[in-house]
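Next come the chains, spelled out residue by residue.
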Amino acid sequence: MAYRKTVASLVAAAALLGTSSASYAATEISWWFAHGGHLGEVVNQIGENYNASQDACQITPVFKGTYEETLTSGIAAFRAGEQPNILQVFDAGAATIIGAKGAVVPAQDILENAGVEFNSEDYIEGVRNFYANSEGKMIGMPFNSSTPILYVNEEALEKAGVEAPKTWEEFQEIAPKLKEAGYTPLAQSHLPWIFTENFKSRHNLQFATNNNGFDGAEGTTLVFGEPIKNHFTAVKGWLDDGLFGYYGTGWGDNQTPFNEGKVAMWLGSSGSFGGIQKTVEFPFSATYLPYWDAVEGAGTGTFIGGGALFAMSGKPEAENKCVASFFEYLTSPEVQYMWHKETGYVPITNAAYELAKKDGHYDRNPAAEVGIKQLTLPGGEWTKGYRMGFYVQIRDIMNREYGRILAGETTVEDAFKNIEADGNKLLERFAKTTSN
């Protein structure tokens, strides 16, 4: 296998440097990550399993807090010359770490420089582009990848005599029947991710100038049009009519009513599958994120959320080779399948997906496959994701304005004017930081 060949080359390189097998010490590398609880346990298990699989490298995973805290710690450490070898960065922070000049070495370069065979086509459609540059070179190594899907309480739909909707037009037809059956028809857990970023992708709509930001920070501005404004007008109407539940910006606050059987359908992460399976007491299934059939070109795939692993620069060649070795191990079908089963995150490679199918995982758990199928739907010009700096703060602006729409404090038109004005100021500021 290529993985073993890479490890063997590391050992051989050490020997050439005059290190005898008796005195050989493994090269140590560090991995800062942002998963607590069960996810953190699985991360540590991956580290232990990798260390046991070979003797050339030793990886130490270190929990650094939330996504935001991990990113902040990583940037501060880089400025102080104390960066880890690998830093986990979440989707909204990708542009920040990539835009930090000289901070990272592209994952693809790390692998190819170590002699590891790399082909972006090995990665599933909705994964391979999100952490790549405009030429398709993979900068970050996708890790905990998920996409928004529609979870369904099967008892609720059966009681109402309806089927899960494929489109928002169909939702509007069945929602009154679900309400009549005693349920809040729909809730969601992240308005920027689900009803903005992936709304754009699902309808193949431009999100920002400069190729959604992939072609550079300077001059990048947000792009909103009538489809998304019409969507939020519809959402406000659903809320007023008791067809939609909004419980604030907290992820769990919106998921809990579904878990408790009060909400019939919930839009959340494909990575939530494992937790739902262990929590709910009713039969559930899942299906794709709905789209508006009236929007021309709609029905394209979504892209990933979650995080990726970035190789930090300024490290010795031996350590970079160990990073490559670990990336190769991490993306092997067996490890990806284990991660998929244990967490609910999608397996990022086609080979891991095929292994899961061969093992009968989706025969046993059909809902676990929905996110992967959605990510492999046909793409379009605007389905590769986005690359915008200070995007964490832009999401905050969206949440602020969307909350005001739903509270009846502002109009949809005025809310999007505010998002554009305040968001574009942040994008302009970010462009200046990258040009200095």
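Heads up: these notes are all about the structure in this document. Quick caveat, the model's predicted, so the values are computed rather than measured. (Residues numbered from 1 in each chain as written. Predicted model: local features only at pLDDT ≥ 70, side-chain atom pairs only at ≥ 80, totals over all residues. Heavy atoms only, no water.)

As for helix 9 (residues 191-202)
The periodicity of an α-helix, 3.6 residues per turn, causes residues three or four positions apart to be oriented the same way. Inclusion rule: Labels follow the DSSP assignment, with helices taken as runs of H or I lasting at least four residues and strands as runs of E lasting at least two, numbered in each case from the N terminus. Multiplying one less than the number of residues by 1.5 Å gives the expected span of a helix. Think of it in three bands: with a 1.4 Å probe and only protein chains considered, a residue is buried below 20% of the maximum accessible area for its type, exposed above 50%, and partly exposed in between.
The end-to-end C-alpha separation of helix 9 is 14 Å, well short of the 16 Å expected for twelve residues at 1.5 Å each. Judged by how many residues are buried, helix 9 sits mostly within the fold: twelve of twelve residues are covered. Those residues of helix 9 that sit buried are Leu191, Pro192, Trp193, Ile194, Phe195, Thr196, Glu197, Asn198, Phe199, Lys200, Ser201 and Arg202. Immediately beyond the C-terminal end of helix 9, within one or two residues, lies Asn204, with a positive phi of roughly 50°.

A few points about the nonpolar core
Short version of the rule: Buried Ala, Val, Leu, Ile, Met, Phe, Trp, Tyr and Cys residues that are joined via side-chain atoms within 4.5 Å together make up what is termed a nonpolar core. Two residues qualify as a contact provided that any one of their heavy atoms is within 4.5 Å of a heavy atom in the partner residue.
Counting 132 residues, the largest nonpolar core has Ile97, Trp238, Met265, Phe326 and Phe327 as the members making the most contacts within it. Not counting chain neighbours up to four residues away, the residues in contact with Trp238 comprise Trp168, Phe171, Gln172, Leu186, His231, Leu243, Phe244 and Trp292.

Things to note about the packing of helix 8 (residues 168-180) against helix 11 (residues 226-240)
Basically, it comes down to this: Note on definitions: angles span 0 to 180 degrees between N-to-C directions of axes, and those axes are lines fitted to C-alpha atoms, for helices only across the stretch in contact. Should an angle fall under 35 degrees it is called roughly parallel, over 145 degrees roughly antiparallel, and 65 to 115 degrees roughly perpendicular, with every other angle called oblique. Residue polarity is assigned by list, with Asp, Glu, Lys and Arg as charged and Ala, Val, Leu, Ile, Met, Phe, Trp, Tyr, Cys and Pro as nonpolar; anything else, Gly included, falls into the polar class.
Two numbers describe how helix 8 lies on helix 11: the axes approach to 13 Å, and their chain directions differ by 10°. For the element pair helix 8 / helix 11, the angle class is roughly parallel. Here Trp168, Phe171 and Gln172 of helix 8 come into contact with helix 11, specifically with His231, Ala234 and Trp238. Residues belonging to the contact of helix 8 with helix 11 are distributed by class as follows: four nonpolar, two polar and no charged.

Here's the deal with the pairing of strand 10 (residues 305-312)
Here is the rule: Being paired, for any two strands, means DSSP has found at least two bridges between them.
Along strand 10, eight of the eight residues are buried, which leaves the element largely enclosed by surrounding structure. Here five bridges tie strand 3 (residues 86-90) to strand 10, and the two strands are oriented antiparallel to one another. Its bridge partner lying in strand 10, Gln88 is registered against Leu309. Here strand 4 (residues 104-105) pairs with strand 10 via two bridges, running antiparallel.

Quick notes on the packing of aromatic side chains
Which entries qualify depends on this criterion: Pairing of aromatic rings covers Phe, Tyr and the six-membered ring of Trp, with a centre-to-centre limit of 6.5 Å; geometry is then stacked below 30 degrees between planes, edge-to-face above 60, and tilted otherwise. Put simply, a charge is over a ring when the Lys NZ or the Arg CZ is close to the ring centre, within 6 Å, and near the line of the ring normal, within 35 degrees.
What the rule picks out here adds up to 39 aromatic pairs. Over the ring of Tyr337 we find Lys341, and its NZ or CZ is 4.5 Å from the ring centre.

Re the state of the cysteines
Our working rule: When two cysteine sulfur atoms lie within 2.5 Å, the pair is treated as a disulfide.
Overall, the coordinates contain one disulfide when judged by the stated rule. Linked covalently through their sulfurs, Cys57 and Cys322 form a disulfide whose S-S length is 2.1 Å. Its S-S torsion of approximately -80° makes the covalent link between Cys57 and Cys322 left-handed. Residue Cys57 is located in strand 2 (residues 57-63), and its partner Cys322 is located in helix 14 (residues 317-330); the two are separated by 265 residues in the primary sequence. Overall, the relative accessible area of 1% leaves Cys57 in the buried class.

Regarding the pattern of salt bridges
This is how it is decided: Any carboxyl oxygen of Asp or Glu that lies within 4 Å of a side-chain nitrogen of Lys or Arg is treated as forming a salt bridge with it.
Taken as a whole, this structure holds 15 salt bridges when the rule is applied. In this structure, Glu317 engages Lys321 in a salt bridge whose closest nitrogen and oxygen atoms are separated by 3.6 Å. One end of the pair is Glu317 and the other is Lys321, both in helix 14 and four residues apart, which spans about a single turn. Given the relative accessible area of 23%, Lys321 is considered partly exposed. Linking Arg400 and Asp422 is a salt bridge whose minimum nitrogen-to-oxygen distance equals 2.8 Å. Taken together, the residues Arg400 in helix 19 (residues 391-406) and Asp422 in helix 20 (residues 412-435) connect sequence positions 22 residues apart. Take Asp422: its relative accessible area is 26%, and that puts it in the partly exposed class. Put simply, Arg400, Glu401, Arg404, Glu409 and Asp422 are held in one network by salt bridges that share partners.

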